[in-house]
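Take a look at the letters that make up each chain.
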Amino acid sequence: MNLKIRLLHNEPIEHYTYLNSIPGGEVIEAQLPIYHGTLSGFPEGIDALIVTSDLQGIIPVTEMELGASSDTDSTDKLLGEMLPAYIRLLMEVEWPELDPQKTGVLLCGDMYALRGKRGASGNPVPVWLAFRAAFGWVAGVHGNHDVTDDADAHRLHNSEGIHCMDGPAAIISAGPPTGGLAPHAAKARQLRIAGLGGIIGRPDKPNRLPAEPYLQSVRKLLKQQPDCLLLHQSPGIAELGLVGEPLIRQALEAGPEKLVFSGHTHWDTPLVQLSNGTQVVNADSKLFIFTR
């Protein structure tokens, strides 16, 4: 059974303040909008899904906040390192009946940022680990600015409850454990999540593929009927003024109806339905909390 959005509120339920680098190196204060929506098709054992992308910001943190005795100095933490604890607290206040360990997180890439340099590339692993520490499991893809060395990649692929789809195309199963002592545990259906990271571009640059291999991967993933598809790059919807890649839109509309989460380019309209019924949620610089 596919996931399907039943309701997505137009207005954010909250904002989270962070620092953002703009062209020229200036650092300004920005607000990350946090939206709430409802989904159908959740397997038993999953209470909620958190979806976000392009958390390219920083949070200055004093030494005292980090547990040191002095607060004379501050250090920059990635927005995505500090955000999960706040989201968990927000959910405990707004939906106390939800279990954080039955909440999954979907990341659509570009989790790194650097003060004073817009579009910096670097290691996103601290963000993945922070979301995993706050919630039950994390699945996602890398963006074109996410760069890991062998040790970081090994850590992502060998951490329990983390599903990093950094290959050319992948489908994983995530959700409640498939085994355990509970009699119904072995029967619990997991989510089948498809993922394709990076963008269409020159293959000599990190996390880029030529157009045809990229689109072939999209078509291959859709044929395998996952519950949802994670992309870093969003489709382009020209008639709505939504920037993205028109070829991705064509591939999505030629396939079966699906729920797609993406990022990379910013849309003011977070949710669009394509001609074949496919729902596309653009999570660039936004965070969504989906409940039943």
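You'll find the structure just up there.
**Q** In this structure, what is going on with the pairing of strand E2 (residues 14-21)? I would like to understand it.
**A** A regular strand carries its side chains on alternate faces of the sheet. With eight bridges joining them, E2 and strand E3 (residues 27-40) adopt antiparallel strand pairing. Bridge pairing links Glu 14 to Ile 34 in E3. Counting the residues in the hairpin turn of E2 and E3 gives five residues, including Gly 24, whose phi is positive at 100°.

**Q** Is there a simple way to think about the side chain of Asp 146 in this case?
**A** Mapping Asp 146 onto the fold places it in the loop between strand E8 (137-140) and helix H3 (150-157). Here Asp 146 occupies a buried position and makes no salt bridge, while the nearest side chain of opposite charge, Arg 208, is found at 11 Å. For Asp 146, the side chain forms a polar contact with the main-chain nitrogen of Asp 110, separated by 2.6 Å.

**Q** Could you clarify how one ought to interpret the pattern of salt bridges in this entry?
**A** Charged atoms that come close allow side chains of opposite charge to pair. Counted according to the given criterion, the structure contains nine salt bridges. The partner of Lys 77 in a salt bridge is Glu 81, with the nearest N and O atoms 3.9 Å apart. Assessed through its relative accessible area of 24%, Lys 77 is described here as partly exposed. Ionic contacts of the salt-bridge type, sharing partners, join the residues Glu 239, Arg 249 and Glu 253 into one network.

**Q** Whenever I open this one, the packing of helix H4 (residues 211-223) against helix H5 (residues 246-253) confuses me. Can you help?
**A** Packed helices, taken two at a time, are described by their axes: the angle between them and the distance between them. Contact pair H4 / H5: the axes reach a minimum separation of 10 Å and the direction vectors enclose 25°. Considered as vectors, H4 and H5 are oriented roughly parallel to each other. H4 and H5 meet at a crossing whose hand is right-handed. Note on element contacts: H5 touches H4 through Leu 247, Ile 248, Ala 251 and Leu 252, opposite Ala 211, Tyr 214, Leu 215, Val 218 and Leu 222. Looking at the contact of H4 with H5 residue by residue, the classes come out as nine nonpolar, no polar and no charged.

**Q** Honestly, the nonpolar core in this entry has me stumped. Any pointers?
**A** Considering soluble globular proteins, one finds that nonpolar side chains tend to be buried as a cluster. In terms of nonpolar packing, the biggest core is built from 38 residues, with Ile 87, Met 91, Phe 131, Leu 287 and Ile 289 touching the most fellow members. When neighbours within four sequence positions are excluded, Leu 287 is seen to be in contact with Leu 32, Pro 33, Ile 34, Tyr 35, Ile 50, Val 51, Thr 52, Leu 83, Ile 87 and Phe 131. Residues Leu 8, Cys 108, Leu 191 and Val 281 belong to the second largest nonpolar core, which totals 28 residues.

**Q** Looking at this structure, how should I read empty space enclosed by the protein?
**A** Where empty space is left becomes clear once a probe the size of a water molecule has been rolled over the atoms. Under the criterion given, the structure shown has one cavity of 30 Å³ or more. Of the pockets and cavities examined, the largest cavity occupies roughly 40 Å³. A per-element tally of the lining of the largest cavity places helix H1 (residues 79-94) first, with three residues. Partitioned by chemical class, the residues of the lining of the largest cavity number four nonpolar, one polar and three charged.

**Q** I keep staring at the packing of aromatic side chains and nothing clicks. Help me out?
**A** To describe a pair of aromatic rings, you give the distance between the ring centres and the angle between the ring planes. What the rule picks out here adds up to four aromatic pairs. With centroids separated by 5.8 Å and ring planes inclined at 15°, the aromatic side chains of Phe 288 and Phe 290 adopt a geometry described as stacked. You can call Phe 288 buried: its relative accessible area is 0%. Clustering of aromatic rings is evident, with ring pairs tying together Tyr 35, Phe 261, Phe 288 and Phe 290.

**Q** Looking at this structure, I do not really get the side chain of Thr 38. What am I missing?
**A** Mapping Thr 38 onto the fold places it in strand E3. Ignoring anything within four residues of it in the chain, the contact list for Thr 38 reads Lys 4, Ile 5, Arg 6, Leu 7, Phe 290, Thr 291 and Arg 292.

Thresholds, definitions, all that
- Residues numbered from 1 in each chain as written.
- Predicted model: local features only at pLDDT ≥ 70, side-chain atom pairs only at ≥ 80, totals over all residues.
- Heavy atoms only, no water.
- Pairing = 2+ DSSP bridges.
- Helix = DSSP H or I, 4+ residues; strand = E, 2+ residues; numbered from the N terminus.
- Buried < 20%, exposed > 50% of the residue type's maximum accessible area, 1.4 Å probe, protein only.
- Lys, Arg positive; Asp, Glu negative; His and termini not counted.
- Salt bridge = Lys/Arg side-chain N within 4 Å of Asp/Glu carboxyl O.
- Polar contact = N/O pair within 3.5 Å; in protein donor to acceptor, adjacent residues only side chain to side chain.
- Axes fitted to C-alpha atoms, helices over the stretch in contact; angles between N-to-C directions.
- Parallel < 35°, antiparallel > 145°, perpendicular 65-115°, else oblique.
- Left-handed = near helix turned anticlockwise from the far one by under 90°.
- Contact = heavy atoms within 4.5 Å.
- Nonpolar A, V, L, I, M, F, W, Y, C, P; charged D, E, K, R; others polar.
- Core = buried A, V, L, I, M, F, W, Y, C linked by side-chain atoms within 4.5 Å.
- 1 Å grid on protein atoms, 1.4 Å probe; cavity = no way out; pocket = protein on both sides within 12 Å on 5 of 7 lines; lining within 4 Å.
- Points joined across faces, edges and corners; volume = space filled by probe spheres on them.
- Phe/Tyr/Trp six-rings, centres within 6.5 Å; stacked < 30°, edge-to-face > 60°.

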